[in-house]
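# Inside the fold
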Amino acid sequence: MILVVDAHSGIPVYRQIVEQLRFQVSSGVLEPGDEIPSTRSLSAQLGINPMTISKAYALLESEGVLERRPGLPLVVRRQGRASERSSKLEQLEHALRPVAVKAKQMNVESSEAVEVFRRLLDEED
Amino acid sequence: MNTLKPFFLLIQRPLVLFGAVGWMIIATFLNSQLVSKGGDPDLFMHAVYLTVVVLSVYSGWIIGSCIQELQQTSFLSLLPKSQARLLPGFLLFGSAVVLAAVLPTAASSPLPQDNWMLFAIGLGAFATGASIRDPQSVFLTGLGIALFLVLIVTSGTQARLASDHPLFVVFLAAALVVMGLYRLFSHKAVRLRAVNRGRPVLVFSAEKLVRAQKRRELVYGPKNRGWRQGYLGGSIAAWLRAAWYESYGGHRGMTLLKTVGASWGVFLVLFIEAQISGGELGFWKSIFWVIHDSLMRSPLSPLTGEHSGAFVMIAVFIIVGGASMALWRPAALSGHMLYPLSRQQRSAVMFAGSFLDMAILLFAVAPVMYFLGQLAGIAAGIQPRFDYVPLFFRAILVTLIMMPFAYWGRLQMQSAAWRRDSYSMIGISIGLSVFSAVTMVLVITSGFVFKSPATELLVLLALLVLSRLLYRTCVRSHYRTADLA
Amino acid sequence: MRSVFEARNLTKRFNGKTVLDGINLELKGPAIIGLLGRNGCGKTTLIRHITGLYLPNEGTATTFGTPSEKLGHAELVDIGFVPQEVQLLDWMTVEQHLEYVSSFYPEWDTGRQQQLLDSLELNIDDLVGNLSSGNLQKLAIILAVCHHPKFLLLDEPVSDLDPIVRSKLLQFLLEVLQEDEATILISSHVLRDVEKIVDHVICIDEGQVTADAVLDDLKENLVEWTVHSSAGNLPDVFSEAYILEQEISGRQARLVVRGNAGELESFCAAHSVEVTPRPLNLEDMFPWLLRGGWS
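Rules used throughout
Throughout, a residue's number is its position along its own chain's written sequence, starting from 1. Chain A is the first chain written and ligand 1 is the first ligand written, with later ones labelled in order. In view of the model being predicted, local features appear only for residues whose pLDDT reaches at least 70, and side-chain atom pairs are presented and counted only at 80 or more, with totals across whole chains, interfaces and linings using the full set of residues. Going along the chain from the N terminus, every DSSP run of H or I of four or more residues is numbered as a helix, and every run of E of two or more is numbered as a strand. Any residue whose C-beta has 12 or fewer other C-beta atoms within 10 Å is treated as exposed, any with 20 or more as buried, and any in between as partly exposed, C-beta atoms being built from the backbone. We call two residues in contact when the distance between their C-beta atoms, placed using the backbone, is within 7 Å. Every radius of gyration here is taken over C-alpha atoms, with the globule rule written as 2.2 Å times N^0.38, N being the number of residues. Gly counts as polar in this scheme, as do all residues outside two lists: the nonpolar Ala, Val, Leu, Ile, Met, Phe, Trp, Tyr, Cys and Pro, and the charged Asp, Glu, Lys and Arg. Only when DSSP finds a minimum of two bridges between them are two strands counted as paired. Every angle, taken between N-to-C directions, lies between 0 and 180 degrees, and every axis is a line fitted to C-alpha atoms, over only the stretch in contact when it is a helix. By convention here, the domain bounds are inherited from an automatic or database domain assignment. In plain words, the nonpolar core is the set of buried Ala, Val, Leu, Ile, Met, Phe, Trp, Tyr and Cys residues that C-beta atoms within 7 Å link up. For classification purposes, angles smaller than 35 degrees are called roughly parallel, those larger than 145 roughly antiparallel, those between 65 and 115 roughly perpendicular, and all remaining angles oblique. Here a crossing is called left-handed whenever its near helix is offset anticlockwise from the far helix by less than a right angle, and right-handed whenever the offset is clockwise. The predictor attaches a confidence to each residue, and that confidence, scored 0 to 100, is pLDDT.

### Regarding the overall build of chain B
- Of regular secondary structure, chain B possesses 19 helices and zero strands.
- Relative to its 485 residues, chain B shows a buried fraction of 34%.
- The contacts of chain B with a sequence gap of at least 6 include a subset with a gap of at least 24, amounting to 79%.

Laid out in structure tokens, this is it:
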């Protein structure tokens, strides 16, 4: 599992981990049943405080993204279709918020903005 | 004023001023007293020359050390015209100091025209003194020291030359001044000093002194200095062994010897030399006065009477005793680590360490002094005598009784040194010398007060126990309330 | 979490100058706590109170439940201390010094000692007196950790170390945290390093505690806002209490605020503006932490 955290960005590291793990689950990089690295090994890998990682894992566990099995490493939890979808949309909204603010500041019409977005989505690489 | 300021800022440390100027005042006072008490006028000039020369050299040495110490800092050579800034102040100070030495005698001198010669020679001596202590060139340093010795020993000759060949003397003095200035301030010399920062020059800087001591220890090499103890736990005996190890290293015998030598060595040398010149513990005569007497027939004789050398010698003894006390390093936990000991345990270790010192003083320093003294007496053709053993023993006991005050003084000295508090350091050095003097006085009076040796022994032993108890209280209270860092 | 150190109304004066002024503080662990502050603000003095080297003039300093004047062998064997100015026994070699100090403690992990000697690249045959300041720091660190202390205090431990060694050391501290369940207090000016590993931050300024909080909480609550008005100029000044600093120019403004999403929304609504928040890292936050009130 690859995570990229920037301790100096100002965004709390645990939040960065939570967001990235959520994204990896939503995008299928992590599939239900996949094992999550232990706090200790991830701490060694990223060079960050293990308590930060515990915090992130605890939050994801409470959101139902991860599942704790007694005596075994954490795994990705299989989520229901509805909660999967709402999670994806939530992440998308979060990503689009700054764009929306910019659009409003430039006084771009909503329909035009949506058109730009649609074009981007349809673009082939 | 700006031309003089850099120099005077440099020397404004109280310890420096005391050394460079203090003696001048004392000596000139003594000199002026001599004549008014009716000292022999013919020999007066000799004594005056000697005094002025010795003290000018000494004063120059201190000032020169200050300047050289500054020159060894790497940034000074980058400052523009840094040497030019120090020169005017240096010249002015030197002239003022020598003048201060000469003037009181000039007021009462029977030979007024010699005073200018005296001044010139004094200036030459000052400049020589300032340039002696340079670790860069052993040859030049040796030359400087030789010049110094010549200046001291030939004071009579100087006085004669001054009255017969004044121009020659002025020429010599000027040569000395120029050479001294060149050695001290020339571009090349300064650059070399900045680059080859050698031994610390001015020992009044506490950090440099400590570093110099440590470097000396590094020379001995750590080959046999292993430490093979297991866990020390909380046992005072075990930690005392650790304190011993820290102070004297694993190679105990040699290091202890060298430590004793470094601190008590000068005292030992004086003691032996006193023995050589006259047996009977030889305090009343010494090499210093033998030379002076033979060359000059000291003008102090009318003043001090029969034991003409006595007072100076005793004074020197006291001062050296105080200095030995100050330099002595007791066995102690000296590292600045976080020792896992409670404050009470640390005070116990320190107190126990003082008993080790007692043992060293009793069984190492004293017998060596006694033995070497006897050898010296034999070498001077004096039969070994044993009737002053009680006196010796008494002296040791009294010293042991008084040691706690010396320890206290040393502790204060260390913390003053680290705080760079020159005022305290002077005060404490004087205090230690006073302690040394009180010890001597007690030794002498004790001999008179107690008629029976048994009573005397009992009383002294009781005082010893008392002083140790007092010391223990002081140490405990120190550790209970003081900051340990 | 257990409390390893507590200061109550701790006051310390030197030569008439008050260095610590009525400090109230509690350190709990296991955790890595960053002690921040400007030069001369009292960090080293506080650390020396923790180790019992200093005694308070007023108030109390209690380490492992024992007041500082009574700290003894039992408590001190569980403390490791790396001072800012390292003074060791110059005449020993590194190896001898390690041997010597190892006898202070009941247990000494020679495995950890070797691991550190290798990873920090320190030669055991060098004379301590000849070590460069960086190597002295490395030795001081090794001396402080090999007995598995429960409470590790580091006063500017990385100032003389090169970046590679620094990052190795910080990694190692994380190991100590996990293996020994130790409470680590690290005082450093290199905020970038501190930020990577600490979870709790304490800030001291002029003898007073101005911040005592979890780092993540601080990051979430101290934010920089870029304000943009699409409808006319902004007012001359914003009077919201949570604004710490403001710079207004025409239709744009830069604010530093103490707040979160809720404040942002209400601000946008109240002033008809759009706000782009930027989170601040520890170095950005530092001047604000010194102003106080972050507990």
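### Focus on the overall build of chain A
- Of the regular secondary structure elements, chain A holds five helices and two strands.
- Going residue by residue from the N terminus, the α and β elements of chain A occur as α-α-α-β-β-α-α.
- For 125 residues, the compact-globule estimate of 2.2 N^0.38 gives 14 Å, and chain A exceeds it by more than 25% at 17 Å.
- Look at the contacts in chain A between residues 6 or more apart in sequence, and 56% of them connect residues 24 or more apart.

### Things to note about the interface of chain C and chain A
- Counting from both sides, the interface comprises 24 residues of chain C and, opposite them, 20 residues of chain A.
- Partitioning the side of chain C that touches chain A into residue classes produces eight nonpolar, six polar and 10 charged.

### Quick notes on the sheet that holds strand 14 (residues 274–279) of chain C
Residues and elements named next belong to chain C.
- The four strands lie next to each other as 12-13-11-14, forming an open sheet whose pairing is antiparallel. At either margin of the open sheet sits one strand with a lone partner, and together these are strand 12 (243–249) and strand 14. Ignoring which end each strand starts from, the neighbouring axes of this sheet average 20° apart.
- Packing of helix 9 (residues 261–271) onto the sheet brings it into contact with strand 13 (252–258) and strand 14, and relative to strand 14 it is tilted by some 155°.

### A few points about the domain arrangement of chain A
Residue and element names in this part refer to chain A.
- Taken domain by domain, chain A comprises domain 1 (13–76) and domain 2 (81–122).
- For domain 1 and domain 2, the distance between their C-alpha centroids amounts to 27 Å.
- Classifying every residue of the side of domain 1 that touches domain 2 by side-chain character gives one nonpolar, two polar and one charged.

### Considerations on the interface of chain C and chain B
- Chain C puts 30 residues into the contact, and the matching count from chain B is 29 residues.
- Only helix 2 (73–76), strand 6 (79–82) and helix 3 (94–102) of chain C provide two or more residues apiece to the side of chain C that touches chain B.
- If one sorts the elements of the side of chain C that touches chain B by residue count, helix 3 of chain C sits on top with four residues.
- Residue composition of the side of chain C that touches chain B, by class: 18 nonpolar, eight polar and four charged.

### Examining unusual backbone geometry
Residues and elements named next belong to chain C.
- Omega for the peptide link from glycine 29 to proline 30 comes to 5°, which places this bond in the cis form.
- Tracing the backbone shows proline 30 in the loop between strand 2 (17–29) and strand 3 (31–37).
- Even without glycine at this site, glutamate 206 takes up a positive phi of about 50°.
- Relative to the elements of secondary structure, glutamate 206 occurs in the loop between strand 9 (200–205) and strand 10 (208–214).
- Under the C-beta neighbour-count criterion, glutamate 206 is labelled partly exposed, with 16 such atoms within 10 Å.
- Backbone geometry at serine 272 places phi at a positive 50°, although glycine is not the residue there.
- For serine 272, the location among the structural elements is in the loop between helix 9 and strand 14.

### Details of the sheet that holds strand 9 of chain C
All names here are of chain C.
- Reading across from one edge, 6-7-8-3-9-10 is the order of the six strands in this open sheet, with mixed pairing throughout. Strands at the two margins of the open sheet, each flanked by one partner only, are strand 6 and strand 10. For this sheet the average axis-to-axis angle between neighbouring strands, irrespective of direction, equals 15°.
- Of the strand pairs in this sheet, strand 9 and strand 10 are connected by six bridges, and their pairing is antiparallel. Among the inter-strand pairings, cysteine 203 is bridged to a residue of strand 10, identified as alanine 211.
- Most of the contacts of helix 1 (residues 43–50) go to strand 7 (residues 151–155), to which it runs at about 155°, and overall it touches strand 3, strand 7, strand 8 (183–187) and strand 9.

### Examining helix 3 of chain C
Residue and element names in this part refer to chain C.
- In terms of burial, helix 3 is largely enclosed, as seven of its nine residues are buried.
- Along helix 3, the residues that are buried comprise Val94, Gln96, His97, Leu98, Tyr100, Val101 and Ser102.
- Of the surrounding secondary structure, the elements contacted by the buried residues of helix 3 are helix 4 (110–119) and helix 5 (133–145).

### What to know about the nonpolar core
- Ranked by internal contacts, the top residues of the largest apolar core, which has 122 residues, are Ile32, Ile33, Leu153 and Ile184 of chain C.
- Among the elements that make up this core, the one with the highest residue count is helix 5 of chain C (seven residues).
- Once you skip the residues sitting within four places of it in the chain, isoleucine 32 of chain C turns out to touch Asn49 of chain A together with Leu173, Leu177, Ile184, Ile186, Ile197, Val198 and Asp199 of chain C.
- Counting 41 residues, the second-largest nonpolar core is a separate cluster that includes Val57, Ile121, Ala130 and Ala173 of chain B.

### Some details on the pairing of strand 9 of chain C
Residues and elements named next belong to chain C.
- Among the six residues of strand 9, five are classified as buried, and the element is accordingly described as predominantly covered.
- The pairing of strand 3 with strand 9 spans five bridges and is parallel. Within strand 9, the position partnered with glycine 37 by the bridge is isoleucine 204.
- Here strand 9 folds back onto strand 10, and the loop between the two strands holds two residues, one of which, glutamate 206, carries a positive phi near 50°.

### Here's the deal with helix 1 of chain C
Residue and element names in this part refer to chain C.
- Burial analysis of helix 1 places eight of its eight residues in the buried class, the great majority of the element.
- Among all positions in helix 1, only Lys43, Thr44, Thr45, Leu46, Ile47, Arg48, His49 and Ile50 are buried.
- Looking at the residues trailing helix 1, positive phi occurs at glycine 52, about 85°.

### As for the packing of helix 1 (residues 13–26) of chain A against helix 4 (residues 81–105) of chain A
Residue and element names in this part refer to chain A.
- Relative orientation of the contacting elements helix 1 and helix 4 amounts to 130°, with a least axis distance of 10 Å. Judged by the angle between their axes, helix 1 and helix 4 are oblique. The interaxial crossing formed by helix 1 with helix 4 has left-handed handedness. Counted together, Arg22, Phe23 and Ser26 of helix 1 and Ser87, Lys88 and Gln91 of helix 4 form the full contact between these two elements.

### Re the pairing of strand 12 of chain C
All names here are of chain C.
- Bridge count between strand 12 and strand 13: six bridges; the pairing is antiparallel. Note on strand 13: the bridge partner recorded for serine 249 is glutamine 252.
- Between the end of strand 12 and the start of strand 13, which pair antiparallel, lie two residues, with glycine 250 showing a positive phi angle near 65°.

### A word on the packing of helix 1 of chain A against helix 3 (residues 50–63) of chain A
Residues and elements named next belong to chain A.
- Contact geometry for helix 1 and helix 3: axes closest at 8 Å, N-to-C directions at 45°. In this view, helix 1 runs oblique relative to helix 3, as classed from their interaxial angle. Here helix 1 runs over helix 3; the crossing is right-handed. From helix 1, Val13, Tyr14, Ile17, Val18 and Leu21 reach across to helix 3, where they touch Thr52, Ile53, Lys55, Ala56, Leu59 and Leu60.

### Examining the environment of isoleucine 11 of chain A
- With respect to the helices and strands, the residue isoleucine 11 of chain A is situated in the segment before helix 1.
- Setting aside anything within four residues of it in sequence, one finds isoleucine 11 of chain A in contact with Gln16 of chain A together with Lys219 and Pro279 of chain C.

### Focus on the confidence of the model for chain B
All names here are of chain B.
- Chain-level statistics for chain B give a pLDDT mean of 70 and a share of 54% at 70 or above.
- Within the model, pLDDT remains below 50 along residues 279–309, and this stretch shows 56 contacts once partners closer than five positions in the same chain are excluded.
- For this predicted complex, the interface confidence reaches an ipTM of 0.86, while the overall pTM sits at 0.78.

### Details of the environment of threonine 11 of chain C
Residues and elements named next belong to chain C.
- Mapped onto the fold, threonine 11 is located in strand 1 (residues 2–14).
- Take threonine 11: there are 16 C-beta atoms within 10 Å of it, and that puts it in the partly exposed class.
- Considering only alpha carbons, one finds threonine 11 and glutamate 263, 252 residues apart in sequence, at a separation of 38 Å.
- In contact with threonine 11, not counting residues within four places along its chain, are Thr18, Leu20, Asp21, Gly22, Pro56, Asn57, Glu58 and Gly59.

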